[in-house]
Amino acid sequence: MSGIPKSVPDQGSYESKDAPWPNELRVFKAEGRIEIDFSDGKNVSLPAEYLRVESPSAEVMGHGGPSTKKIVSGRRHVKILTVEPVGHYAIRIVFDDKHDTGIYSWSYLRELADTYDKRWADYQAALLFRGLSRDP
């Protein structure tokens, strides 16, 4: 997905007009990941499983804030079927487990990239604590 617009409304720390903006997004369906090149030179690779379990959808995030977030297990092998633009500010990812309701803003994707290590460790700890697995 090239030709990504270069401005975004000021809506917070990751959603300001000065925030790094994606210059290019590449989807690697077979490997189950996306790569994003940001305007500040940062290049990131985000696994499909990570994107799926951190989906910004109400199904995952709940309706009541961080305390209502659901732990999604069994998605180790999830793949990306399609990535669709949503206006000039986001993408919708359709996964092969039929999840398709998360709208990933550019700012949220950058946040996911910047916080990957902590979020991934927290996710794995939550699975362990609940006796759940990444495997289906």
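Residues numbered from 1 in each chain as written. Predicted model: local features only at pLDDT ≥ 70, side-chain atom pairs only at ≥ 80, totals over all residues. Heavy atoms only, no water.

Draft legend 1. Structural context of the side chain of Asp37. With respect to the helices and strands, the residue Asp37 is situated in strand S2 (residues 33–38). On the basis of relative accessibility, which here comes to 17%, the residue Asp37 falls in the buried class. Residues within four places of Asp37 in sequence aside, it is in contact with Trp21, Pro22, Asn23, Glu24, Arg26, Lys42 and Asn43. (Helix = DSSP H or I, 4+ residues; strand = E, 2+ residues; numbered from the N terminus. Buried < 20%, exposed > 50% of the residue type's maximum accessible area, 1.4 Å probe, protein only. Contact = heavy atoms within 4.5 Å.)

Draft legend 2. Summary view of helix H4 (residues 116–130). Compared with an ideal rise of 1.5 Å per residue, which puts 15 residues at 21 Å, H4 spans 21 Å between its outermost C-alpha atoms and is within 8% of the ideal. Those residues of H4 lying buried are Arg119, Trp120, Tyr123, Ala126 and Leu127. Angular distribution of buried residues about the axis of H4 spans 125°; they occupy a single face of the element. For H4, the exposed residues set more than 90 degrees away from the buried face come down to Asp117, Lys118, Leu128 and Phe129. In this fold, the buried residues of H4 make contact with helix H1 (48–53) and helix H3 (106–114). (Expected span 1.5 Å × (residues − 1). Arc of directions from axis to C-beta.)

Draft legend 3. Broad picture of the layout of surface pockets. Of the pockets and cavities examined, the largest pocket occupies roughly 200 Å³. Every residue lining the largest pocket is listed: Val53, Glu54, Lys69, Lys70, Ile71, Val72, Arg119, Asp122, Tyr123, Ala126 and Arg130. With five residues, the top contributor of residues to the lining of the largest pocket is H4. Of the residues assigned to the lining of the largest pocket, the class counts are five nonpolar, no polar and six charged. (1 Å grid on protein atoms, 1.4 Å probe; cavity = no way out; pocket = protein on both sides within 12 Å on 5 of 7 lines; lining within 4 Å. Points joined across faces, edges and corners; volume = space filled by probe spheres on them. Nonpolar A, V, L, I, M, F, W, Y, C, P; charged D, E, K, R; others polar.)

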